[in-house]
Every structure is written in C-alpha cells, then in structure tokens.
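# Analysis of the macromolecular model
Chain residues, written in single-letter form:
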Amino acid sequence: MIESLLVANRGEIARRIIRTARRLGVRAIAVHSEADTGLPFVTEADEAVCVGPANPAQSYRNVEAILAAAKSTGAQAIHPGYGFLSENADFARTVEASGLIWVGPGADAIAAMGDKINARNLMAAAGVPVAPGTTDPATDLDAAVAAAAEIGYPVMVKAAAGGGGMGMGVANDEAALRIEYDKVRSFAERMFGDGSVLIERYFPRVRHVEVQILGLADGRVVALGERECSVQRRNQKLVEESPSPAVSPELRERFLAAAVRAGEAVGYRNAGTVECLLDPATQEFFFLEMNTRLQVEHPVTELVYGVDLVEEQLRVAAGLAPTFDPDALAPRGHAIELRINAEDPKRFLPGPGAISTWNEPAGEGVRVDSGYVAGNTVTPFYDSLMAKLIVSGPSRAEAIERARAAVAQFEVAGPKCNLPFFAELLENEEFLSGDYDTGIVGRMR
C-alpha cells in the first residue's frame with residue numbers, strides 16, 4: 001500500500017480521503033489556501049502545507065506549489081479529489097513525471113474523455129449509445145444552424161470542454177439557437193479556454209443516470225451499479241440515489257455493460273463515472289460524458305455495494321487487487337445523498353457566512369461527510385457545498401424515512417442553507433413515487 005498521500009483538494013472530499021488514508025495507516029498530507037487554514041481537513045491531516053491565497057488559481061490549481069508541497073513533505077502519491085486539477089491530463093502527466101503516484105486514471109484516458117466531441121465519437125465506435133448530434137465541432141453559427149436542422153429541435157448547445165453542468169443551453173428553434181450558440185461559445189472560451197461547441201438532441205423529459213466504474217490493476221473494468229441524479233438545479237445535482245428507481249434489472253444489465261465497454265475503450269484504470277441520459281418513455285439511454293475522477297456522490301455506491309471507493313482507488317494506484325470479488329458484485333438496500341449547500345433554498349443563490357451552529361444528525365443508516373464545523377466560515381471563493389447527508393436502508397421507503405428524520409435533526413445557522421428544500425422534496429409526491437425527471441425542481445418552484 002502507498003505509505004504517504006498528498007490530497008490536492010479541500011473541504012469535505014479532502015476530509016473524506018484523509019479519513020480512509022489514516023484508517024489504512026497511510027500518512028495523510030493536506031494542502032490548503034490561506035482562507036481554509038482552520039477547516040477540519042487541515043487539522044485532521046498528519047501534515048498540512050499552505051499553498052497560497054484564497055484564489056484557487058494561486059492555491060488549489062497552483063501546480064508548482066502543490067508539487068513543491070509533495071516534495072517537501074516526502075509524499076509518495078497525490079489524490080486530486082474532484083474539481084480543481086482532478087481532470088487535468090497535463091497535471092496527471094506532471095505528477096507521474098515527478099516520480100509520484102497519481103491516484104486516478106491515466107492521463108491519456110483523461111484527455112480522451114475531456115473533450116465531449118471526441119468522447120462521443122469514441123463511445124459510438126465502442127458500441128455505447130449516443131444521442132443524435134454533431135461528430136465535429138460546430139465551427140460557426142451557420143454550421144450550428146445546419147446541424148440543428150438535421151438533428152431536429154429542440155437541441156442542446158454544449159461546450160465541448162465543459163463539465164459539471166456548465167456551458168450548456170437549450171434552443172427550441174433557430175432564433176434561440178443563434179442566441180445560445182454565441183452565449184455558450186463565449187462562456188466556453190472564457191471558462192475553459194476552448195470555444196468548441198457541439199449540438200445534440202435535447203430530450204424535454206429525461207432522467208440523468210450514471211454508472212460507477214472501476215478500472216482494476218489487472219486491466220479489468222467493473223461496474224458498481226448505477227446512481228439516479230435527476231434532482232438538479234441549473235443542470236447541477238442536488239440529490240443522488242442508488243439503485244435508480246427507474247432502472248429495471250434488464251435495463252441495469254444494459255447500462256452496466258455499456259459502461260464497462262466505455263471504460264475498456266480507453267483502457268480505463270481507477271475510479272470513474274459514465275453519465276447517461278435515460279428517456280423514460282422509450283427506456284433508451286444515451287452517453288452524456290465520462291467523469292474521469294471520483295464523484296461527489298460516490299458514498300451512495302459505497303453504502304449499497306459495501307466498498308470504500310477511496311481505498312479501492314489507492315489499491316489500484318498501488319497495483320493491488322481489490323478488496324471485493326469483481327464477479328460477485330450485487331446491490332443491497334438503498335441509499336440517498338443530499339447535498340447540503342450554503343445557498344438560498346428557493347432560488348439556490350450562494351449565501352456564504354460564518355457558521356454559528358452546526359449539529360449533524362446521527363443514527364442507524366445515517367452518514368455525514370462534512371467539510372465544516374461550528375466556528376468555521378463558508379467563504380465565497382469556492383463551491384457552496386458544506387456537507388453531504390447520506391442515508392441508507394433496506395428499501396427506498398425506509399431510506400426516505402431516515403432522510404426525513406436526519407434533515408429535521410440537522411442544524412445549521414449562519415450561512416444560508418438548503419435544508420428546507422430537502423424537507424420539501426422528501427414530502428413531494430413525484431419524488432416519493434420514484435417517477436421523476438430532471439424537471440422536478442423547476443416544477444417545485
């Protein structure tokens with residue numbers, strides 16, 4: 001096993017990785033910005049290094065500072081968490097060129113799946129279903145209009161280099177397309193340094209279902225079930241559950257087989273997620289993107305499959321066999337994750353602030369992965385995620401009951417908090433039925 005691990009991230013995911021590292025006897029090293037000095041992940045690490053000011057470009061995305069921290073602390077490996085540098089192929093190559101172990105997929109796989117157009121084409125060639133769309137970037141507005149006419153409206157306009165729900169727009173006709181194309185292209189150039197745009201069929205009623213894959217050290221790719229991620233605001237997830245209430249055993253078999261093919265097509269190693277759109281009317285699904293990293297919502301898979309995905313990541317990186325039998329994977333029970341954000345529960349606008357009260361729920365089937373405690377401050381410099389409340393039970397109904405109780409027990413004062421939204425969702429008939437789609441939050445508002 002790896003002996004020392006530098007965690008190139010912050011907040012709840014850094015704290016969660018550190019927890020597994022220390023359980024395994026791996027020396028855990030945190031890097032942090034000046035703004036995060038007092039957060040739990042810093043104080044709980046075996047060693048911590050400040051890598052710069054609050055601005056992520058000068059700290060968490062500062063490759064030179066992170067590598068210098070690894071060298072000064074004698075780190076053997078780097079785990080990037082999610083966000084920041086986690087899907088940066090150049091960073092992965094630099095880490096390995098520096099003689100360190102990269103806890104993630106190979107740089108070539110990251111690069112191959114980082115461009116949505118290239119990823120679509122690779123998946124289509126591998127026999128993974130893809131939605132009707134462009135196979136090359138729409139280089140100008142005329143090309144976009146021509147592509148949309150062939151595909152048929154409505155269409156989704158997407159930044160080829162985008163991710164995390166950013167850089168997307170929907171056009172129901174040519175007039176809207178002309179507006180959305182310029183908007184998405186400009187955003188993509190500004191945010192990703194790449195203005196390439198693709199056009200895809202847009203499905204008005206669709207579910208967002210993803211599959212957790214793990215590329216093992218021996219070269220095999222295995223799938224650890226699916227997660228339902230359709231409760232979203234601004235194309236960004238709020239709730240995830242596993243198994244998906246929309247997926248039958250027959251459909252699950254097709255989903256998992258397609259995800260394994262996706263991983264095999266790029267020689268995938270370590271943890272990753274194959275995201276798909278599911279048309280509930282036809283039971284057809286289409287490849288959306290592959291996230292070449294650990295997902296925010298990985299805990300629901302951990303609880304349903306009885307694995308520690310961070311431990312498995314470390315084992316793959318070290319060339320070790322998994323702790324589980326790859327041929328005997330089967331889900332047990334149900335798990336739901338709620339993302340507790342520092343945001344207005346009505347309009348979902350960020351509301352950072354000092355935390356005066358922080359009381360986490362506890363009990364059977366309740367897990368909290370948090371990045372803060374009372375006395376900390378949620379600053380405006382980073383994502384608004386404060387914690388993940390994960391509940392599990394023998395059935396979906398029992399998991400929902402535990403979620404209701406846990407939301408009622410969770411006390412947060414100081415910053416704005418979206419806990420009231422979850423209390424509302426857990427009484428919503430559409431959600432309770434399991435027959436919901438990505439439009440559920442909009443219908444609630």
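Scroll up to find the structure.
Residues numbered from 1 in each chain as written. Predicted model: local features only at pLDDT ≥ 70, side-chain atom pairs only at ≥ 80, totals over all residues. Heavy atoms only, no water.

A count of helices and strands for the chain gives 15 helices and 20 strands. Relative to the compact-globule value of 22 Å for 445 residues, the chain shows a C-alpha radius of gyration of 21 Å, a close match. Principal-axis analysis of the C-alpha atoms places the extent of the chain at approximately 60 × 50 × 45 Å. Going through the 445 residues of the chain one by one, you find that 57% of them count as buried. Contacts in the chain between residues at least 24 apart in sequence constitute 65% of all its contacts with a sequence separation of at least 6. Of the accessible surface of the chain, which amounts to about 16700 Å², a share of 50% is contributed by carbon and sulfur atoms. Treating the 43 positive side-chain charges of the chain as one cloud and the 60 negative ones as another, the clouds have centres 2 Å apart. (Helix = DSSP H or I, 4+ residues; strand = E, 2+ residues; numbered from the N terminus. Rg over C-alpha atoms; globule rule 2.2 N^0.38 Å. Buried < 20%, exposed > 50% of the residue type's maximum accessible area, 1.4 Å probe, protein only. Contact = heavy atoms within 4.5 Å. Areas by Shrake-Rupley, 256 points an atom, 1.4 Å probe, with all protein chains shown as cover. Lys, Arg positive; Asp, Glu negative; His and termini not counted. Charge placed at Lys NZ, Arg CZ, Asp CG, Glu CD.)

Quick look at the pattern of salt bridges now. Within this structure, the stated rule accounts for 42 salt bridges. Connected through shared salt-bridge partners, R16, R19, R23, E302, D308, E311, R367 and D369 make up one network. (Salt bridge = Lys/Arg side-chain N within 4 Å of Asp/Glu carboxyl O.)

What follows concerns the sheet that holds strand β7 (residues 168–171). Across the sheet, 3 strands lie side by side as β7-β6-β8; this open sheet has antiparallel pairing. Single-partner strands in this sheet number two, and they are β7 and β8 (197–201). Neighbouring strand axes in the sheet, compared pairwise and without regard to direction, differ in orientation by 25° on average. Where strand β6 (residues 155–159) and β7 come together, 4 bridges link them in antiparallel fashion. By the bridge assignment, V155 is partnered in β7 with A171. Each of β6 and β8 touches helix α6 (residues 116–125); the most contacted strand, β8, lies at about 50° to it. (Pairing = 2+ DSSP bridges. Axes fitted to C-alpha atoms, helices over the stretch in contact; angles between N-to-C directions.)

Here we take up the nonpolar core. Counting residues in hydrophobic clusters, the biggest one holds 75 residues, and the most contacted among them are V231 and I340. The element contributing the most residues to this core is strand β19 (residues 385–393), with 6 residues. (Core = buried A, V, L, I, M, F, W, Y, C linked by side-chain atoms within 4.5 Å.)

We now examine helix α11 (residues 309–317). Because each turn of an α-helix spans 3.6 residues, side chains separated by three or four positions end up pointing in the same direction. Most of α11 sits out of view: 7 of its 9 residues are buried. Along α11, the residues that are buried comprise L309, V310, E311, E312, Q313, L314 and V316. If you check the start of α11, you find a side-chain oxygen 3.0 Å away from the backbone N of V310, and it comes from D308. G319 lies just past α11 and shows a positive phi near 80°. (Polar contact = N/O pair within 3.5 Å; in protein donor to acceptor, adjacent residues only side chain to side chain.)

Further remarks concern α6. Taken together, the buried positions of α6 are occupied by K116, I117, A119, R120 and M123. Along α6, the residues classed as buried sweep out an arc of 160° about the axis, all on the same side. Residues of α6 that are buried sit in contact with α5 (107–114), β6, β8, α9 (249–265) and β13 (284–291). For α6, the N-terminal capping position is held by D115, with its side-chain oxygen 2.9 Å away from the main-chain nitrogen of I117. (Arc of directions from axis to C-beta.)

Attention now goes to the environment of N418. Locating N418 in the fold gives a position in the loop between β20 (411–413) and α13 (419–425). As a C-alpha pair, N418 and E343 span 75 residues in sequence and 5.8 Å in three-dimensional space. A distance of 3.0 Å separates a polar atom in the side chain of N418 from the backbone oxygen of R339.

Once that is clear, we can look at the pairing of strand β2 (residues 27–33). The element β2 is extensively covered by neighbouring structure, given that 6 of its 7 residues are classed as buried. Sheet topology places strand β1 (residues 4–7) next to β2; 4 bridges connect them, and they run parallel. Within the sheet, the bridge partner assigned to V7 lies in β2 and is A30. In this fold, β1 hands off to helix α1 (residues 11–23), which returns the chain to β2; that crossover is right-handed. (Right-handed = clockwise from strand over helix to strand, strands pointing away.)

Take the state of the cysteines next. Applying the stated rule across the entire model yields 0 disulfides. Looking at the unpaired C229, the closest cysteine sulfur is the one in C276, lying at 11 Å. Looking at C229, the relative accessible area reads 0%, which means it is buried. (Disulfide = S-S within 2.5 Å.)

Under the defined criterion, the tally for this structure stands at 11 aromatic pairs. Relative to Y382, the ring of F381 lies with its centre 6.1 Å away and its plane at 65°, an arrangement referred to as edge-to-face. Judged by relative accessible area, which is 11%, Y382 ranks as buried. In textbook terms, an aromatic cluster arises when at least three aromatic residues are bridged by ring pairs, as seen for Y60, F84, F381 and Y382. Here the basic side chain of R396 rests over the ring of F431, its NZ or CZ set 4.9 Å away from the ring centre. (Phe/Tyr/Trp six-rings, centres within 6.5 Å; stacked < 30°, edge-to-face > 60°. Lys NZ or Arg CZ within 6 Å of the ring centre and 35° of its normal.)

Next up on the list: unusual backbone geometry. Look at the link from Y153 to P154: it is a cis peptide, with omega at 0°. By secondary structure assignment, the location of P154 is in the loop between α7 (141–151) and β6. For N235, which is not a glycine, the phi torsion comes out positive at approximately 60°. Relative to the assigned elements, N235 resides in the loop between β10 (221–233) and β11 (236–242). Residue N270 is not a glycine yet carries a positive backbone phi of 80°.

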